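# Descriptive structure summary
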Amino acid sequence: MGLLLLVPLLLLPGSYGLPFYNGFYYSNSANDQNLGNGHGKDLLNGVKLVVETPEETLFTYQGPSVTLPCRYRYEPALVSPRRVRIKWWKLSENGAPEKDVLVAIGLRHRSFGDYQGRVHLRQDKEHDVSLEIQDLRLEDYGRYGCEVIDGLEDESGLVELELRGVVFPYQSPNGRYQFNFHEGQQVCAEQGAVVASFEQLFRAWEEGLDWCNAGWLQDATVQYPIMLPRQPCGGPGLAPGVRSYGPRHRRLHHYDVFCFATALKGRVYYLEHPEKLTLTEAREACQEDDATIAKVGQLFAAWKFHGLDRCDAGWLADGSVRYPVVHPHPNCGPPEPGVRSFGFPDPQSRLYGVYCYRQH
């Protein structure tokens, strides 16, 4: 079996569609099989198999389909076509195991696990083995490998898929630092989100996220983003940045959690209702409007991607009361854009409206 060498992708501006080479050239020398020197076994008297994938990260949204580009060719070109085996897999990240996605020979293919029924090869053109993923889910983002196997030799490329979304901190109704790692995963899922990765939190910090409470991330580290250093948040002497407590015990230690929600398939709206509502009445009112009460992640996504701007506080599915502000104005909270929170009021209080979610 040929040796597989993975080379880190360089993010070069304007490099979409450029070839990704793993450095393998084939010669007759038996001494040229060193992983680091870019040589391997002889293949068709010096013909080289090349796999091409984009070097730029692909950005998309939850819900629609996405195509992960992958093509292969031979240098020099072959006179007659050869039968190859194609394999797509999702690389291991943050402790999650590697996942097989799809294998194919000719028109025959097999998909695996959560990808069954959602993936297929494009094969629109010769040597095109791009992977199409349908009904894109939050868990689908990450790095994917595309491997082309020709007899005893194989070559591969990497495609990185990132979902556009919004990071938000989440705290228990019982106060801060109540979740172990597994409970953090559960509450993010209940809010229509997943636990954020460090890269997602860092990007949110670059966009202005400032939060003093430490929270779990996907790799089971605990971190928090600071834009304005101050005394309760590590002290004013430290530079702005994402502060880290490092890895923590997934079961024994307790913190808040940073969740990541992507763009919506539907619409979040404030329900115009003649009266203020209790939490139970709010759920029923949304149902009567052919909708459901919105989740926290849905409200953040509507604020981030659909410009939902409302100064009316409303119930959400977790029993919290919040409202989204895109354009701050007087009598509507702090001067910065954001999703304001009233915490978790008495569910029997009739002081608030409700935000509903209706799927398209």
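Quick caveat: nothing in here was measured; it's all calculated off a predicted structure.

## Some thoughts on the overall build of the chain
In terms of regular secondary structure, the chain is built from four helices and 25 strands. Among the 360 residues that make up the chain, the fraction classed as buried is 47%. Pairs at least 24 apart in sequence give 60% of the contacts found in the chain among residues at least 6 apart. Working note: accessible area of the chain is about 18,100 Å², and carbon and sulfur atoms make up 51% of it.

## Considerations on the sheet that holds strand β9 (residues 108–111)
Taken in spatial order, the six strands make up an open sheet running β4-β13-β12-β7-β8-β9, and their pairing is mixed. Each having just a single partner strand, β4 (58–60) and β9 make up the two edges of the open sheet. Neighbour-to-neighbour, the strand axes of this sheet turn through a mean angle of 20°, independent of strand direction. Relative to strand β13 (residues 153–163), strand β12 (residues 142–150) runs antiparallel, the two being bridged by nine bridges. Counted as the bridge partner of Val-148 is Glu-155 from β13.

## Examining the sheet that holds strand β5 (residues 66–68)
Taken together, the three strands give an open sheet; going across it, the order is β5-β11-β10, and neighbouring strands pair in antiparallel fashion. Where the open sheet ends on each side, the last strands, each with one partner, are β5 and β10 (119–121). The average angle at which neighbouring strand axes cross in this sheet is 25°, direction not considered. With three bridges connecting them, β5 and strand β11 (residues 131–133) associate as antiparallel partners. Bridging across to β11, Leu-68 finds its partner in Leu-131.

## So, the nonpolar core
Formed by 94 residues in total, the largest nonpolar core has its most connected members in Leu-68, Trp-88, Leu-131, Val-257, Val-268, Val-354 and Tyr-355. Per element, the largest residue contribution to this core is six residues, and it comes from helix α4 (residues 296–305). Once you skip the residues sitting within four places of it in the chain, Val-354 turns out to touch Tyr-269, Tyr-270, Leu-271, Leu-277, Ala-282, Cys-286, Ile-293, Gly-314 and Trp-315.

## Notes on the pairing of strand β6 (residues 71–75)
The alternating pattern of β6 places Tyr-72 and Tyr-74 on a buried face and Arg-71, Arg-73 and Glu-75 on a face that is not buried. Where strand β3 (residues 48–52) lies against β6, five bridges are found, and the strand directions are antiparallel. Its bridge partner lying in β6, Val-51 is registered against Tyr-72.

## Structural notes on the state of the cysteines
The term disulfide refers to a covalent linkage connecting the sulfur atoms of a pair of cysteines. All told, the structure shown has five disulfides when counted by the stated rule. Sulfur-sulfur distance for the disulfide between Cys-70 and Cys-146 comes to 2.0 Å. Looking down the S-S bond of the Cys-70 and Cys-146 bridge, the torsion is -80°, so its handedness is left-handed. Residue Cys-70 is located in the loop between β5 and β6, and its partner Cys-146 is located in strand β12; the two are separated by 76 residues in the primary sequence. Exposure remark for Cys-70: the relative accessible area of 1% places this residue in the buried category. On the basis of relative accessibility, which here comes to 0%, the residue Cys-146 falls in the buried class.

## Overview of the environment of Leu-131
Structurally, Leu-131 can be placed in strand β11. On the basis of relative accessibility, which here comes to 0%, the residue Leu-131 falls in the buried class. Counting along the chain gives eleven residues from Leu-131 to His-120, while the straight-line C-alpha distance between them is 5.9 Å. Once you skip the residues sitting within four places of it in the chain, Leu-131 turns out to touch Val-66, Thr-67, Leu-68, Trp-88, Val-101, Leu-102, Val-119, His-120 and Leu-121.

## Notes on the side chain of Gln-298
By the secondary structure assignment, Gln-298 is in helix α4. In this structure Gln-298 comes out as buried when scored by relative accessible area, which is 13%. Of note is the side chain of Gln-298, whose polar atom sits 2.9 Å from the backbone nitrogen of Lys-295. Among all residues touching Gln-298, those that are not within four sequence positions of it are Gln-191, Leu-264, Val-268 and Tyr-357.

## Some remarks on the side chain of Thr-60
Here Thr-60 is to be found in strand β4. Not counting residues up to four positions away in its chain, the partners in contact with Thr-60 are Val-66, Leu-136, Leu-161, Glu-162, Leu-163 and Arg-164.

## Description of the confidence of the model for the chain
Within the chain, residue pLDDT values average 85, and 87% of them lie at 70 or more. Confidence drops under a pLDDT of 50 for residues 1–42, and excluding neighbours within four residues, the segment shows 92 contacts in the predicted structure.

Scoring rules and cut-offs
Residues numbered from 1 in each chain as written. Predicted model: local features only at pLDDT ≥ 70, side-chain atom pairs only at ≥ 80, totals over all residues. Heavy atoms only, no water. Helix = DSSP H or I, 4+ residues; strand = E, 2+ residues; numbered from the N terminus. Buried < 20%, exposed > 50% of the residue type's maximum accessible area, 1.4 Å probe, protein only. Contact = heavy atoms within 4.5 Å. Areas by Shrake-Rupley, 256 points an atom, 1.4 Å probe, with all protein chains shown as cover. Pairing = 2+ DSSP bridges. Axes fitted to C-alpha atoms, helices over the stretch in contact; angles between N-to-C directions. Core = buried A, V, L, I, M, F, W, Y, C linked by side-chain atoms within 4.5 Å. Disulfide = S-S within 2.5 Å. Polar contact = N/O pair within 3.5 Å; in protein donor to acceptor, adjacent residues only side chain to side chain. pLDDT = per-residue confidence, 0-100.

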